[in-house]
Amino acid sequence: MVASLSAAITGTTDPTKQVIPSARRILEKSEALQTAIKRSSSYTTIGGDRRLVWKPDIERIKRVVVKNARGHAFFEMGEPMMGEPASVRIIPLEYMTAGDREEFETLANPMDVFPEVGSRMMTRVLTGQDLTDDGWILVQGGVYRYVAVQIGLMTVRSVLYEYLATEVRWDN
C-alpha cells in the first residue's frame, strides 16, 4: 500500500524520487512491484493520448484500512470490531469538495461524545495527549493521523501523508 501511495503522490515509480522512505526501499527491492504499479497507472484515450491515472489495487488497500481501523477502535475505545463494516471510504483529500472535506475533518471531535471511562480515548480527552485541537490523534505530523468516535457503533477516520483519507464505519 505504501509503495502505491508514494507513487501516486510523486507521479512515478522511480525509487529515487519517492517521498516516503519506506516506499523507496520497497520499490528498490522489487522491480516486479514497480512494473505492476506502473502498469496500473496509465491509459490511452480514444484519441491516442496517454494519461496518467493511478488505479491501485483497491481491495488490498481496503483490507489494510479496515485492519488499521479495527486496531484503532480496540486500542482507543476497547471495542473489538469483529463484524464487517457498514461502509469503507478511501479517497484522496484533493478529490473532496470543500464541504466534504469540512465534514470529514470536523465529525471527529471525541469530546462531542464522551468515550467509556477507563478507555485510552477518555485519558486522551482528559489530558489532551497526542490530540490536535480538533480531536484527531496525531501519530506523526504530515504522515498519519486518525480519530475513533462512537458514532453509529464506531467510526474510524484516518489521513495518510495528508493525501489519502479513509473512513470505516460500523453500525448497530
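Residues numbered from 1 in each chain as written. Predicted model: local features only at pLDDT ≥ 70, side-chain atom pairs only at ≥ 80, totals over all residues. Heavy atoms only, no water.

Enquirer: Looking at this structure, how should I read unusual backbone geometry?
Expert: Most peptide bonds adopt trans geometry, and most residues besides glycine take a negative phi value. A positive phi angle, close to 55°, is found at Tyr 161, a residue other than glycine. Its place among the elements puts Tyr 161 in the loop between strand E6 (154–160) and strand E7 (164–170). Of note in the backbone geometry, Glu 162 takes a positive phi value of approximately 45° without being a glycine. Of note, Glu 162 is situated in the loop between E6 and E7. (Helix = DSSP H or I, 4+ residues; strand = E, 2+ residues; numbered from the N terminus.)

Enquirer: Looking at this model, I keep getting lost on the sheet that holds strand E4 (residues 137–140). Mind explaining?
Expert: Note: strands within a sheet are paired through backbone hydrogen bonds, in either parallel or antiparallel orientation. The five strands lie next to each other as E3-E7-E6-E5-E4, forming an open sheet whose pairing is antiparallel. A single partner strand is all that each edge strand has here, and the edge strands are strand E3 (87–92) and E4. Averaged over neighbouring strand pairs, the angle between their axes works out to 15° when direction is ignored. When E4 meets strand E5 (residues 144–149), the two strands line up antiparallel, connected through three bridges. Bridge pairing in E5 links Gln 140 to Tyr 144. Relative to the sheet, helix H5 (residues 98–106) contacts E3, E5, E6 and E7, its axis offset from that of E6 by approximately 115°. (Pairing = 2+ DSSP bridges. Axes fitted to C-alpha atoms, helices over the stretch in contact; angles between N-to-C directions. Contact = heavy atoms within 4.5 Å.)

Enquirer: Hey, could you run me through the pairing of E6 in this one?
Expert: The side chains of a regular strand alternate between the sheet's two faces. With respect to burial, E6 is a largely interior element, seven of its seven residues being buried. A two-sided burial pattern is seen for E6, the buried positions comprising Met 154, Val 156, Ser 158 and Leu 160 on one face and Thr 155, Arg 157 and Val 159 on the other. Pairing of E5 with E6, which is carried by six bridges, proceeds in the antiparallel orientation. By the bridge assignment for E6, Tyr 146 is matched with Ser 158. Hairpin remark: E5 followed by E6, antiparallel, with four residues in the connecting loop; positive phi at Gly 152, about 70°. When E6 meets E7, the two strands line up antiparallel, connected through seven bridges. What sits directly across from Val 156, in E7, is Val 168. What sits between the antiparallel neighbours E6 and E7 is a turn of three residues, in which Tyr 161 has the positive phi angle 55°. (Buried < 20%, exposed > 50% of the residue type's maximum accessible area, 1.4 Å probe, protein only.)

Enquirer: Could you clarify how one ought to interpret the environment of Gln 150 in this entry?
Expert: Tracing the chain through its elements places Gln 150 in the loop between E5 and E6. In this structure the C-alpha to C-alpha distance between Gln 150 and Arg 169, which are 19 residues apart in sequence, comes to 9.5 Å.

Enquirer: Whenever I open this one, helix H1 (residues 2–10) confuses me. Can you help?
Expert: For an α-helix, the turn length of 3.6 residues means that residues three or four places apart are oriented alike. Listed as buried for H1 are Ala 3, Leu 5, Ser 6 and Ala 7. Positive phi shows up at Gly 11, right after H1, with a value of about 80°.

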